Amino acid sequence: MSEAIVSARGIVKAFQVGDRSLEVLHGVALDVGRGELVGVMGASGAGKSTLIQILGLLEEPTAGEVLFEGRSAWKATVAERARLRNERIGFVFQFYHLLPELTAVENVVLPAMIGRSFGAWRAARPDLVARAEAALARFGLAERLKHRPAQLSGGERQRVAIARALFLDPPLIIADEPTGNLDSATGEKVLDLLLTERESRGLSMVLVTHDERLAARCHRVVTMADGRIAGDARTTTARAAAR
Amino acid sequence: MYRTFLAWRYLAARRTNVIGIVGIMVGVGALILILSIMTGFLLETKRSLRGTLSDLILEPIHVPDREGRTIPYDPEPALAVVRADPRVAAACAQLTWYGILGQSGRDAALANMRMADAQSGKLSGVKLVGIDVADEFAATNFRAALESTPRFAGSRVADLDDPFAPPPGYAPEGRMLPTCIVGEQLASAWNLRRGSEIEIVTGVPDPLTGDFPVNNRRYVVVGTFRSGENEMDLEKIYFERAELADFLSSERRFSQILVRLHDYARDGKAVRDELSAKLHAAGLVKFADGREVRTWEDFRRSLLGAIENERVLMAIMLSLVVVVAAFTIFAILSMMVTEKRRDIGILSALGATPGGVTSLFLWIAFLDALIGAVLGAVLGVLGALHIDRIERWLSSVLGVQIFNRNVYLFDHIPAVVNPLWVAVIVLGAFACTLLFAAIPAWRAGRLDPLEALRYE
Ligand SMILES: Nc1ncnc2c1ncn2[C@@H]1O[C@H](COP(=O)(O)OP(=O)(O)OP(=O)(O)O)[C@@H](O)[C@H]1O
Ligand SMILES: [Mg+2]
C-alpha cells in the first residue's frame, strides 16, 4: 500500500461527563492506505465509532494528531476542515441520516449544493441532478427519485445515503455499521452495492462491522478493545488482491 | 447555496412559521395603518384647529399706567404699521368680549329652561366678536365660513357682500334691532334662524374707577356661519365692530389685529419678530419681548404638541406588536433548532460550517420577516388608502357606526401614507426579527453535530 490517505497518531479521546473526564481512546494509531478497505471490529463500547469519527474529522481528538492526505487536519481552519468533509470524505451511517424534507435526488445532490455558491449551483444544476438520478437508477431506485425518506424502506434509504456519500467522488468513505439497521438479506445487497462501488472506484474505506464474514472481505481488520487497538491483521482477501 | 434552498424547504414544511409571518404582517400592517390615520388626523386637525385664525395675531395689552395712559385704543395706527410691511397681504382689527346669551319675550321661558340645564346652560356663555367686514374678508376665512352650507341647523346670510344688513322681510314692530351672525352649532343649540331675536348681557369693568356696569341689548340674527372649528361655531357671535364697541360703551375699540401673509411658511416668524419690534418702537404695543405678536402656531402650540405626542406614543405602543411578532420568530426558530439537531449534524458531516448553519437559520428568519413585512406593508398601505370605504363597509355590515362623522367634523377618515414611515417600519421589523433570530441561529451553529448523529 502506498502512502496513507488518513493517519491517526497517538489519539486520545476523553469525554467530559458531568465533572468527570472519561477517557474512551487511550493512544490509538491507525493508517488507512489509499485504496485500502479497513474493517474495524470490537465489542460494543470499545470506541470504534469514536475512532472513525476522529478519522472522518467530525470529532476533535483530545490529544494526538490526524493527518489527512499528509496535512494535520486540526491545525487547519474550520472552513478548510468543512471543505475536506465535503469533498474528500463520504459518510454512511447506521441510521441513514437523510434530510426528511428533501427528496431522494435532493438528498444525493446536497453535498454538491453545500460546496457551491448560488451562481455555481445554478450553472451546474441540470448536470448534477442528471448525475444524481443516474446514480440512484444504478442503485435500483429509478422509480423513487422524488420520494421523501419517509416514503422509502430502510434498504432504499441506505442506498440513497450511499449515493450521497459517493456523489462528489471522495477518496475516503467512512461507514459505521451501514447494515446494522437492516435485515441480513437486505444488508447483504446494500453492502454488495457499497463494496462494488468502492472496488470499481478504488476508494479507501473504513468500515465498522460486527459481521465476521463481512470483515473477511476487507483487506485488513483492526480489532478494538477498551479504547485500544488489540489486533491489526491482513486478511486472505488482501493477499489475494496483492497477488 | 444550500442555505437558501433549505430555508425555503423548512419554511414550506413547518406550518408554525405561518404564525410568525402572520404576526409580523399584522404588526407591520397595523403600525402603518394606524400611523397613517394618526398623521391624517393630525393634518386635518391642524387645518381645522387653524379655523379662522390668521397667520399672525397681534393682541396689545391695554393696561393703563399710573397716569391712566395706555397704548392706543384705536386699531388704525397699528394697522398702518402692519400693512406697511410688503410681506403682509391683509390685516383686520377685531374687538372681542364675553357675554351671556338669552332670550326675552315669548322665548324667555324656553331660554330659562335651556340656561337652567347644566348640560346646555354652558351654551349661553358666548364670545362676542366685532369685525370690519371688508377687512375681515380680506384677512381671514370668514367669508368662506359664511358661504359654507350649514351642516346642522341655521341659514346663510342673505347678502354675502353686506352680511350685517337686516334680513329680507324683517319688519319689527318697534325699533329696528341691530344685527348679528351666530355660529351654526350655537344656532342649532338655541334653535336660531334668520330673523330670530336674541338678547345679550355683558359688562366691562372699568380699570380706573373700579365700576362694573352691566349692559344688555337685543339683536336680530341675520344668518349663521360654519368655520368647521367646533369651538368657534359653538360659542361665537359676530357683530360689526362699531356696533359692538357701542354696546360695550368702552373706550377700547379693538382687542386684536389679525394678519394674513403672502407666504406664512417662509416669512411667518420673521415678520412676527420685526412687527413686534416696530410696533413697540412706535408705542403701539406695551412690551418689547414680543408676547403681544404671535403666529397662529404659537397660539395652538400646546394642542398641536399634544396631538404630535399622541402619535409618537401610539407608534411606540404599536412597535411592541412588532417586537412580540419578532419574539414569536425567536420561539419558532428555537423550536426548530431543537427539532432539527439531527439535520444540523448531517449538514455538518456533509461539509457545512458552523457559520453556514447559523446563516441557514438566519435565512429562515429573513424569509419570515420578508414575507411578513412585505405583506404587512402592502395591507397597511392599501388599508390606509381605502380606510374610508373599509369603515363604511364595516359599519354597514356590523350595523354600528364606527367613525362618527359629526363628532370629528371631517366627512372622511383622513389617512396620509408617509413612505418614509413605511420604510422605517419595514426595516425596523426586519432588524427586530433578525436580532431575535440571531440567538437561536447562533446556538444552532454551536451545537455539537455528533451528539445528534449517534442515535436514530
Ligand atoms: N459524547 C459522549 N460522551 C460521553 N461518553 C461517550 C460519548 N460518546 C461515546 N462515549 C462513550 O465512549 C465509549 C465508546 O463509544 P463508541 O460509540 O465509540 O463505541 P462503539 O465501539 O462504537 O460501540 P458500538 O459497537 O455499540 O457502536 C462508550 O463507552 C460510550 O459510552
Ligand atoms: Mg458505534
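Here the structure is a predicted model, which is why all the values come from computation and not from measurement. Counting restarts for each chain, with residues numbered from 1 along the sequence as it is written. Starting at A for chains and at 1 for ligands, labels are handed out in the order in which the entities are written. Only residues with pLDDT of at least 70 get local features here, since the model is predicted, and only at 80 or more are side-chain atom pairs given and counted; chain-wide, interface and lining totals rely on the full set of residues. With hydrogens and water stripped out, all remaining heavy atoms of the structure feed into the side-chain values.

### Observations regarding unusual backbone geometry
Unusually for a residue other than glycine, Tyr96 of chain A sits at a positive phi of about 60 degrees. Along the chain, Tyr96 of chain A turns up in the loop between strand 6 (89-92) and helix 3 (104-114). In this structure Tyr96 of chain A comes out as buried when scored by relative accessible area, which is 6%. For Asn191 of chain B, which is not glycine, the phi torsion reads 55 degrees and is therefore positive. Locating Asn191 of chain B in the fold gives a position in the loop between helix 8 (184-190) and strand 5 (197-203). To qualify as a helix, a DSSP run of H or I must reach at least 4 residues; to qualify as a strand, a run of E must reach at least 2; elements of each kind are numbered from the N terminus. Per-residue accessibility, obtained with a 1.4 Å probe over protein chains only, is compared with the maximum for each type, and a residue is labelled buried under 20%, exposed over 50%, and partly exposed between these values.

### As for the packing of helix 3 of chain A against helix 5 (residues 154-166) of chain A
Residue and element names in this part refer to chain A. Angles here are taken between N-to-C directions and fall from 0 to 180 degrees, while the axes themselves are lines fitted to C-alpha atoms, restricted in helices to the stretch in contact. Interaxial distance between helix 3 and helix 5 falls to 7 Å at its minimum, and their mutual angle equals 30 degrees. What the angle tells us is that helix 3 and helix 5 run roughly parallel. In this structure, helix 3 meets helix 5 at a crossing whose hand is right-handed. Residue-level contacts link Ala104, Asn107, Val108 and Pro111 of helix 3 to Val160, Ala163 and Arg164 of helix 5. Looking at the contact of helix 3 with helix 5 residue by residue, the classes come out as five nonpolar, one polar and one charged. Comment on the angle field: the value is read as roughly parallel under 35 degrees, roughly antiparallel over 145, roughly perpendicular from 65 to 115, and oblique elsewhere. Left-handed is the label given to a crossing in which the near helix is rotated counterclockwise from the far helix by less than a right angle, and right-handed is the label when the rotation is clockwise. Any two residues whose heavy atoms approach within 4.5 Å at even a single point are treated as in contact. Side-chain classes follow a simple rule in which Ala, Val, Leu, Ile, Met, Phe, Trp, Tyr, Cys and Pro form the nonpolar group, Asp, Glu, Lys and Arg form the charged group, and the remainder, Gly included, forms the polar group.

### Quick word on the site of ligand 1
If you check the shell around ligand 1, you find 14 residues, and the closest are Ser44, Gly45, Lys48, Ser49 and Thr50 of chain A. One heavy atom within 4 Å of a molecule or strand is enough for the residue carrying it to be called near that molecule or strand. At the site occupied by ligand 1, the surrounding residues belong to chains A and B. Here a polar contact is recorded for every N or O atom pair within 3.5 Å, except that within protein the pair must consist of a potential hydrogen donor and a potential acceptor, and residues adjacent in sequence are included only if both atoms are side-chain atoms. Gly45 of chain A has a polar backbone atom sitting 2.9 Å from an oxygen atom of ligand 1. A distance of 3.3 Å separates an oxygen atom of ligand 1 from a polar backbone atom of Ala46 of chain A. In the complex, the protein chains occlude 69% of the 630 Å² of accessible area that ligand 1 would expose alone. At the level of secondary structure, the elements contributing two or more residues to the shell around ligand 1 comprise strand 1 (4-17) and helix 1 (48-55) of chain A. Per element, the largest residue contribution to the shell around ligand 1 is three residues, and it comes from helix 1 of chain A. Grouping the constituent residues of the shell around ligand 1 by class yields five nonpolar, six polar and three charged. Accessible surface area values rest on a Shrake-Rupley calculation with a 1.4 Å probe, where residue burial reflects the displayed protein chains alone.

### Concerning helix 1 (residues 2-13) of chain B
Any helix carries an expected span of 1.5 Å times its number of residues minus one. With 12 residues, helix 1 of chain B ought to run about 16 Å at 1.5 Å a step, and its terminal C-alpha atoms sit 16 Å apart, in line with that. Among the residues of helix 1 of chain B, Tyr2, Thr4, Phe5, Leu6, Ala7, Tyr10 and Leu11 of chain B are the ones counted as buried.

### A few points about the sheet that holds strand 3 (residues 37-42) of chain A
All names here are of chain A. One requirement defines pairing of two strands: DSSP has to find at least two bridges between them. Read across the sheet, six strands follow the order 6-7-8-3-9-10 without closing on themselves; strand pairing throughout is mixed. Both outer strands of the open sheet, strand 6 and strand 10 (228-234), are each paired with one neighbouring strand and no more. Here the average twist between neighbouring strands, direction ignored, is 15 degrees. Direction of pairing for strand 7 (residues 172-176) relative to strand 8 (residues 204-208): parallel, over a ladder of five bridges. Residue Ala175 lies in a different strand from strand 8, and its bridge partner there is Leu207. Helix-sheet contacts for helix 1 involve strand 3, strand 6, strand 7, strand 8 and strand 9 (220-225), and the interaxial angle to strand 7 is about 160 degrees. Helix-sheet contacts for helix 5 involve strand 6 and strand 7, and the interaxial angle to strand 6 is about 170 degrees.

### Here we look at the domain arrangement of chain B
Its domain assignment divides chain B into domain 1 (2-47 + 303-453) and domain 2 (88-261). Placing a centre on the C-alpha atoms of domain 1 of chain B and another on those of domain 2 of chain B gives a separation of 54 Å. Residue ranges for the domains originate in an automatic or database domain assignment.

### A look at the packing of helix 12 (residues 296-339) of chain B against helix 17 (residues 419-446) of chain B
All names here are of chain B. Between helix 12 and helix 17, whose axes approach to 8 Å, the crossing angle comes to 30 degrees. As far as their axial angle goes, helix 17 and helix 12 are roughly parallel. The handedness of the crossing between helix 12 and helix 17 comes out as right-handed. Packed against helix 12, whose contacting residues are Ala315, Val322, Val323, Ala326, Phe327, Ile329, Phe330, Leu333, Ser334, Val337 and Thr338, the element helix 17 presents Trp421, Ala429, Cys432, Thr433, Phe436, Ala437, Ile439, Pro440, Arg443 and Ala444 at the interface. Split by residue class, the contact of helix 12 with helix 17 holds 17 nonpolar, three polar and one charged.

### Considerations on the confidence of the model for chain B
Residues and elements named next belong to chain B. On a range of 0 to 100, pLDDT expresses the predictor's confidence in each residue. Taken as a whole, chain B shows an average pLDDT of 86; of its residues, 95% reach a score of 70 or greater. The least confident element of chain B is helix 16 (residues 405-408), whose mean pLDDT is 60; the most confident is strand 7 (residues 236-240), at 95. The complex prediction reports pTM at 0.70, with the ipTM value standing at 0.92.

### Overview of the sheet that holds strand 2 (residues 20-33) of chain A
Sheet architecture is open: four strands sit in the order 2-1-4-5 (chain A), paired in antiparallel fashion. Two strands close off the open sheet at either side, each with one partner strand: strand 2 and strand 5 (71-72) of chain A.

### Section: the environment of Ala175 of chain A
Residue and element names in this part refer to chain A. Structurally, Ala175 is set in strand 7. Here Ala175 falls in the buried class, since its relative accessible area comes to 0%. Other than its neighbours up to four places away in sequence, Ala175 contacts Ile52, Val92, Leu194, Val206, Leu207 and Val208.

### So, the packing of aromatic side chains
Two rings belonging to Phe, Tyr or Trp (six-membered ring only in the last case) form a pair when the distance between their centres is within 6.5 Å. Interplanar angles under 30 degrees mark stacking, angles over 60 mark edge-to-face geometry, and anything in between is tilted. The tally for this structure, following the rule as stated, stands at 11 aromatic pairs over all chains. Consider the rings of Tyr219 of chain B and Phe247 of chain B, whose centres lie 5.8 Å apart with planes at 65 degrees: the pair is edge-to-face. Note that Tyr219 of chain B is positioned in strand 6 (residues 214-225) and Phe247 of chain B in helix 10 (residues 241-248), a separation of 28 residues in sequence. The exposure classification of Tyr219 of chain B matches that of Phe247 of chain B, with both residues buried. Through successive ring pairs, a cluster of aromatic residues spans Phe142, Phe225 and Tyr238 of chain B. Comment: the charge-over-ring label is applied if NZ (Lys) or CZ (Arg) is within 6 Å of the ring centre and within 35 degrees of the ring normal. The ring centre of Phe167 of chain A lies 4.6 Å from the NZ or CZ of Arg131 of chain A, which sits over that ring.

### Description of the pairing of strand 9 of chain A
Residue and element names in this part refer to chain A. Note that strand 3 and strand 9 share five bridges and pair parallel. The partner of Gly42 across the bridge, within strand 9, is Met224. Where strand 9 and strand 10 come together, six bridges link them in antiparallel fashion. For Arg220, the partnering residue across the bridge sits in strand 10 and is Arg234. Here strand 9 hands over to strand 10 after two residues, with Asp226 in that stretch at a positive phi of 50 degrees.

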